[in-house]
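Structural features, examined
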Amino acid sequence: MKLPRMRRVAMPVVMLVISGCAGSGVFGKATPGWHEAVVVGLGSQAALAAVADVDCSAGVVSDAPFAVARYHGAGVHSRSIGRLVQPSDPPPYVGQKVRVSIHDCSAPFIPLGTP
(Lines give C-alpha, C1' and ligand atoms only; values in the text may rest on other atoms or scores of the structure.)
Protein backbone atom coordinates (compact mmCIF):
# COMPACT_ATOMS: atom_id res chain seq x y z
CA MET A 1 0.00 0.00 0.00
CA LYS A 2 1.41 3.38 -0.99
CA LEU A 3 1.39 6.25 1.48
CA PRO A 4 0.30 9.66 0.23
CA ARG A 5 3.22 11.82 -0.85
CA MET A 6 2.72 14.36 1.97
CA ARG A 7 2.95 11.63 4.60
CA ARG A 8 6.09 10.14 3.01
CA VAL A 9 7.79 13.53 3.12
CA ALA A 10 6.55 14.57 6.57
CA MET A 11 7.37 11.31 8.37
CA PRO A 12 11.19 11.64 8.19
CA VAL A 13 10.98 15.29 9.25
CA VAL A 14 8.88 14.42 12.28
CA MET A 15 11.24 11.57 13.21
CA LEU A 16 14.24 13.90 12.95
CA VAL A 17 12.61 16.51 15.20
CA ILE A 18 11.61 13.93 17.80
CA SER A 19 15.07 12.35 17.87
CA GLY A 20 16.66 15.78 18.22
CA CYS A 21 14.45 16.64 21.18
CA ALA A 22 15.09 13.29 22.83
CA GLY A 23 18.83 13.67 22.44
CA SER A 24 18.88 17.23 23.77
CA GLY A 25 17.16 16.37 27.04
CA VAL A 26 13.95 18.27 26.27
CA PHE A 27 11.89 15.28 27.36
CA GLY A 28 14.36 14.17 30.02
CA LYS A 29 14.41 14.76 33.75
CA ALA A 30 15.35 18.09 35.25
CA THR A 31 18.90 18.58 36.35
CA PRO A 32 19.56 18.18 40.08
CA GLY A 33 19.97 21.23 42.24
CA TRP A 34 18.04 24.42 42.74
CA HIS A 35 15.60 25.79 40.17
CA GLU A 36 13.86 29.14 39.90
CA ALA A 37 10.11 28.83 40.39
CA VAL A 38 6.99 30.89 41.04
CA VAL A 39 4.52 30.22 43.85
CA VAL A 40 1.21 29.41 42.15
CA GLY A 41 -0.92 28.20 45.05
CA LEU A 42 -1.34 28.56 48.80
CA GLY A 43 -3.80 26.74 50.98
CA SER A 44 -4.21 23.56 52.92
CA GLN A 45 -2.30 20.41 52.07
CA ALA A 46 -5.59 18.53 51.70
CA ALA A 47 -6.79 20.98 49.02
CA LEU A 48 -3.59 21.51 47.03
CA ALA A 49 -1.53 18.31 47.17
CA ALA A 50 -3.38 16.82 44.20
CA VAL A 51 -2.44 19.72 41.91
CA ALA A 52 1.32 19.41 42.54
CA ASP A 53 3.31 17.09 40.30
CA VAL A 54 5.53 16.30 43.30
CA ASP A 55 4.02 16.31 46.80
CA CYS A 56 6.69 16.70 49.49
CA SER A 57 4.26 16.28 52.39
CA ALA A 58 4.89 12.51 52.54
CA GLY A 59 1.25 11.81 51.78
CA VAL A 60 -0.04 13.03 55.15
CA VAL A 61 -3.38 14.68 54.36
CA SER A 62 -4.06 17.57 56.70
CA ASP A 63 -5.17 21.17 56.99
CA ALA A 64 -1.52 22.25 57.36
CA PRO A 65 -0.42 25.26 55.27
CA PHE A 66 0.85 24.14 51.88
CA ALA A 67 2.52 25.98 48.99
CA VAL A 68 2.83 24.92 45.33
CA ALA A 69 5.56 26.36 43.07
CA ARG A 70 5.90 25.86 39.30
CA TYR A 71 9.32 25.54 37.64
CA HIS A 72 10.75 24.67 34.23
CA GLY A 73 12.71 21.49 34.65
CA ALA A 74 13.68 20.42 31.18
CA GLY A 75 12.55 21.95 27.94
CA VAL A 76 9.35 23.90 27.55
CA HIS A 77 7.14 21.94 29.94
CA SER A 78 6.79 23.15 33.50
CA ARG A 79 6.24 21.03 36.58
CA SER A 80 5.13 21.86 40.08
CA ILE A 81 6.30 20.91 43.54
CA GLY A 82 4.33 21.29 46.75
CA ARG A 83 5.54 21.36 50.31
CA LEU A 84 4.28 22.13 53.76
CA VAL A 85 4.96 25.68 54.91
CA GLN A 86 6.78 25.64 58.23
CA PRO A 87 6.14 28.40 60.78
CA SER A 88 9.85 29.30 60.71
CA ASP A 89 9.75 29.88 56.93
CA PRO A 90 9.08 33.37 55.58
CA PRO A 91 5.41 33.31 54.52
CA PRO A 92 5.18 32.87 50.74
CA TYR A 93 2.66 34.63 48.52
CA VAL A 94 1.20 33.76 45.11
CA GLY A 95 3.42 35.18 42.37
CA GLN A 96 6.54 35.18 44.54
CA LYS A 97 9.72 34.02 42.80
CA VAL A 98 11.54 31.34 44.78
CA ARG A 99 14.28 28.75 44.43
CA VAL A 100 13.23 25.14 44.89
CA SER A 101 15.24 21.96 45.30
CA ILE A 102 13.35 19.40 43.25
CA HIS A 103 15.33 16.42 44.53
CA ASP A 104 15.28 17.27 48.25
CA CYS A 105 11.79 17.46 49.74
CA SER A 106 13.17 18.63 53.09
CA ALA A 107 14.55 21.84 51.55
CA PRO A 108 12.36 24.95 51.96
CA PHE A 109 11.35 27.32 49.18
CA ILE A 110 13.93 30.12 49.26
CA PRO A 111 12.65 33.56 48.19
CA LEU A 112 14.78 34.98 45.36
CA GLY A 113 16.88 37.91 46.43
CA THR A 114 17.69 36.14 49.70
CA PRO A 115 21.39 35.31 50.17
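Read on for a plain summary of the structure.

What counts and how
- Residues numbered from 1 in each chain as written.
- Predicted model: local features only at pLDDT ≥ 70, side-chain atom pairs only at ≥ 80, totals over all residues.
- Heavy atoms only, no water.
- Helix = DSSP H or I, 4+ residues; strand = E, 2+ residues; numbered from the N terminus.
- Buried < 20%, exposed > 50% of the residue type's maximum accessible area, 1.4 Å probe, protein only.
- Contact = heavy atoms within 4.5 Å.
- Areas by Shrake-Rupley, 256 points an atom, 1.4 Å probe, with all protein chains shown as cover.
- Phe/Tyr/Trp six-rings, centres within 6.5 Å; stacked < 30°, edge-to-face > 60°.
- Lys NZ or Arg CZ within 6 Å of the ring centre and 35° of its normal.
- Disulfide = S-S within 2.5 Å.
- Core = buried A, V, L, I, M, F, W, Y, C linked by side-chain atoms within 4.5 Å.
- Polar contact = N/O pair within 3.5 Å; in protein donor to acceptor, adjacent residues only side chain to side chain.

**Let's talk about the overall build of the protein chain**
Each helix and strand counted, the protein chain has two helices and six strands in total. Overall, the protein chain shows an N-to-C arrangement of helices and strands of α-β-α-β-β-β-β-β. Expressed as a percentage of its 115 residues, the buried residues of the protein chain come to 29%. Pairs at least 24 residues apart make up 56% of the contacts formed inside the protein chain by residues separated by at least 6 positions. Just so you have it, the protein chain exposes about 7,600 Å², and 64% of that area is on carbon and sulfur atoms.

**Structural notes on the packing of aromatic side chains**
One pair of aromatic rings is described through two measures. These are the centre distance and the angle between the planes. Inspection of the entire model under this criterion finds zero aromatic pairs. Its guanidinium or amino end placed over the ring of Phe-109, Arg-83 lies 5.8 Å from that ring's centre, counting from NZ or CZ.

**As for the state of the cysteines**
Across all of its chains, the model carries one disulfide by this definition. The side chain of Cys-56 participates in a disulfide bridge whose partner is Cys-105; the two sulfur atoms lie 2.0 Å from each other. Classification of the bridge connecting Cys-56 and Cys-105 rests on its S-S torsion, roughly -60°, and on that basis the disulfide is left-handed. Of this pair, Cys-56 sits in the loop between β2 (54–55) and β3 (65–74) while Cys-105 sits in the loop between β5 (97–101) and β6 (110–111), and the two are 49 residues apart along the sequence. Looking at Cys-56, the relative accessible area reads 16%, which means it is buried.

**With respect to the environment of Ala-52**
Here Ala-52 lies in the loop between α2 (45–48) and β2. When the C-alpha atoms of Ala-52 and Ala-67 are compared, they prove to be 9.3 Å apart, with 15 residues separating the residues in sequence. Setting aside residues no more than four positions away along its own chain, Ala-52 makes contact with Val-68, Ser-80, Ile-81 and Gly-82.

**Examining the nonpolar core**
Ala-37, Val-39, Cys-56, Ala-67, Ala-69, Tyr-71, Ile-81, Val-85, Val-98, Val-100, Ile-102 and Phe-109 form the largest nonpolar core, which has twelve residues in total. Breaking this core down by element, the ones donating at least two residues are β1 (34–44), β3 and β5. If one sorts the elements of this core by residue count, β3 sits on top with three residues. When sequence neighbours within four positions are dropped, the list of residues in contact with Val-39 reads Val-68, Ala-69, Pro-92, Tyr-93, Val-94, Gly-95, Gln-96 and Val-98. Leu-48, Ala-49, Ala-52 and Phe-66 belong to the second-largest nonpolar core, a separate cluster that totals five residues.

**With respect to the side chain of Gln-45**
Inspection of the secondary structure puts Gln-45 in helix α2. A distance of 3.0 Å separates the side chain of Gln-45 from the backbone nitrogen of Ser-62, its partner in a polar contact.

**Some words on the side chain of Arg-83**
Secondary-structure assignment places Arg-83 in strand β4 (residues 77–84). You can call Arg-83 buried: its relative accessible area is 8%. Within the structure, Arg-83 has its side chain in polar contact with the backbone oxygen of Ala-107 (distance 3.2 Å).

On their own, these measurements won't tell you what the molecule is for.
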